[in-house]
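Residues per chain, in single letters:
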Amino acid sequence: MEEQKRPVLSLKRATTGAAAKPPRNTDSAEKAAHAGAGAAAGTKRSRYNRKKMELLITHWPTAFNLDAPRPLVVGAAELIAADMRARGITGGARVRAAIAIYTRRTSYLKALAAGGPRYNLAGDPAGEVTVEQQQRALVTLAATKKKGVSGCA
């Protein structure tokens with residue numbers, strides 16, 4: 001009985017060496033193009049977070065503005081929870097998460113650092129940003145910049 005040998009498969013490798021490998025560091029134009037494409041499509045998490053924030057914008061458009069955020073009144077989450085109960089809106093956990101996402105945005109922190117009045121859900125002034133709150137916002141912005149996180153504008 002003759003034993004048949006099975007053919008051995010092998011991968012063909014490039015023989016040009018390092019020249020065939022793409023460079024590890026891409027130029028800034030390539031990075032910018034890639035970042036722009038990712039920003040347009042967004043990651044699954046960013047789309048999910050955007051939907052959460054759209055819930056806030058839909059129900060309280062005078063208090064939440066992504067383009068020109070204004071400091072919210074202290075205790076806005078409790079006011080929103082009470083308003084949700086009155087309106088019969090469900091999803092309190094999503095709203096709390098959306099408020100957290102909104103208030104951690106770079107543009108919101110810049111508005112907080114600038115000081116001035118705080119605004120309630122109706123968009124009326126209700127209190128002032130304290131010096132301590134301004135300082136905390138500046139520290140957070142500096143830490144974000146140091147880490148190189150590009151945050152939402």
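Before reading further, recall that the structure is shown in the block above.
This section reports on the structure supplied with the text. What you see as residue numbers is a count from 1 along each chain, following the sequence as written. With pLDDT at 70 or above as the cut-off, local features in this predicted model cover only qualifying residues; side-chain atom pairs require 80 or more to be listed or tallied, and sums for whole chains, interfaces and linings still use all residues. Processing note: side-chain calculations cover all non-hydrogen atoms of the structure and skip hydrogens and water entirely.

## Looking at the overall build of the chain
No. 1: A run of DSSP states H or I qualifies as a helix once it reaches four residues; a run of E qualifies as a strand once it reaches two. Both are numbered from the N-terminal end. In terms of helices and strands, the chain carries six helices and two strands.
No. 2: Ordering the α and β elements of the chain from the N terminus gives α-α-α-α-α-β-β-α.
No. 3: Put simply, the chain has 153 residues, and 25% of those count as buried.
No. 4: In what follows, residue pairs with any heavy atoms lying within 4.5 Å of each other are defined as contacts. Long-range pairs, those at least 24 residues apart, make up 62% of the contacts in the chain with a sequence separation of at least 6.
No. 5: Summed over all atoms, the accessible surface of the chain reaches about 11600 Å², with 56% contributed by carbon and sulfur. Relative accessibility under 20% of the residue-type maximum defines a buried residue, over 50% an exposed one, and the middle range a partly exposed one, all with a 1.4 Å probe and only protein chains included. To be clear on the numbers: accessible area is Shrake-Rupley with a 1.4 Å probe, and residue cover counts the displayed protein chains and nothing else.

## Describing the pattern of salt bridges
No. 1: In the sections that follow, a salt bridge refers to a side-chain nitrogen of Lys or Arg positioned within 4 Å of a carboxyl oxygen of Asp or Glu. This model, assessed by the stated rule, comprises two salt bridges.
No. 2: The partner of Glu54 in a salt bridge is Arg50, with the nearest N and O atoms 3.4 Å apart. Placement of the pair is Glu54 and Arg50 together in helix α2 (residues 44-59), with a separation of four residues, close to one helical turn.
No. 3: When the shortest N-O distance is used, the salt bridge between Asp83 and Arg87 registers 3.4 Å. Of this pair, Asp83 and Arg87 both sit in helix α3 (residues 76-87), four residues apart, which is roughly one turn of the helix.
No. 4: Owing to a relative accessible area of 21%, Asp83 belongs among the partly exposed residues under this scheme.

## Details of the packing of aromatic side chains
Any aromatic ring pair is given by two values, namely how distant the centres are and how the planes are angled relative to each other.
No. 1: Between 30 and 60 degrees the pair is tilted, below 30 it is stacked and above 60 it is edge-to-face, where a pair is any two Phe, Tyr or Trp rings, Trp via its six-membered ring, whose centres lie within 6.5 Å. All chains considered together, the criterion is met by two aromatic pairs.
No. 2: Consider the rings of Phe64 and Tyr102, whose centres lie 4.9 Å apart with planes at 75°: the pair is edge-to-face. Linking Phe64 in the loop between α2 and α3 with Tyr102 in helix α4 (residues 92-103), this pair joins segments that are 38 residues apart in sequence.
No. 3: Since its relative accessible area comes to 1%, Phe64 is described here as buried.
No. 4: What makes Tyr102 buried here is its relative accessible area of 1%.
No. 5: Residues Tyr102 and Tyr108 carry aromatic rings whose centres are separated by 5.5 Å and whose planes lie at 55° to one another, so their mutual orientation is tilted. Of the two residues, Tyr102 and Tyr108, neither departs from the other in class, the shared state being buried.

## Notes on the packing of helix α5 (residues 106-114) against helix α6 (residues 131-147)
No. 1: Geometry is summarised by axes, namely lines fitted to C-alpha atoms with helices restricted to the contacting stretch, and by angles between N-to-C directions that run from 0 to 180 degrees. Direction vectors running N to C along α5 and α6 enclose 145°, while the axes themselves pass 7 Å from each other. α5 and α6 meet at a crossing whose hand is left-handed. Between α5 and α6, the residues in contact are Thr106, Leu109, Lys110, Leu112, Ala113 and Ala114 and Gln133, Gln134, Ala137, Leu138, Thr140 and Leu141, respectively.
No. 2: By residue class, the composition of the contact of α5 with α6 is seven nonpolar, four polar and one charged. Whether a crossing is left-handed or right-handed is set by the direction in which the near helix is turned from the far one by less than a right angle, anticlockwise for left-handed and clockwise for right-handed. The classification used treats Ala, Val, Leu, Ile, Met, Phe, Trp, Tyr, Cys and Pro as nonpolar, Asp, Glu, Lys and Arg as charged, and all other residues, Gly among them, as polar.

## Observations regarding the pairing of strand β2 (residues 125-128)
No. 1: Two strands pair under a simple rule: DSSP has to find at least two bridges between them. Pairing of strand β1 (residues 117-119) with β2 involves two bridges; the strand directions are antiparallel. The residue bridging Pro117 from the neighbouring strand is Glu128, located in β2.
No. 2: The turn joining β1 and β2, which pair antiparallel and follow one another in sequence, is formed by five residues; a positive phi near 90° is taken by Gly123.

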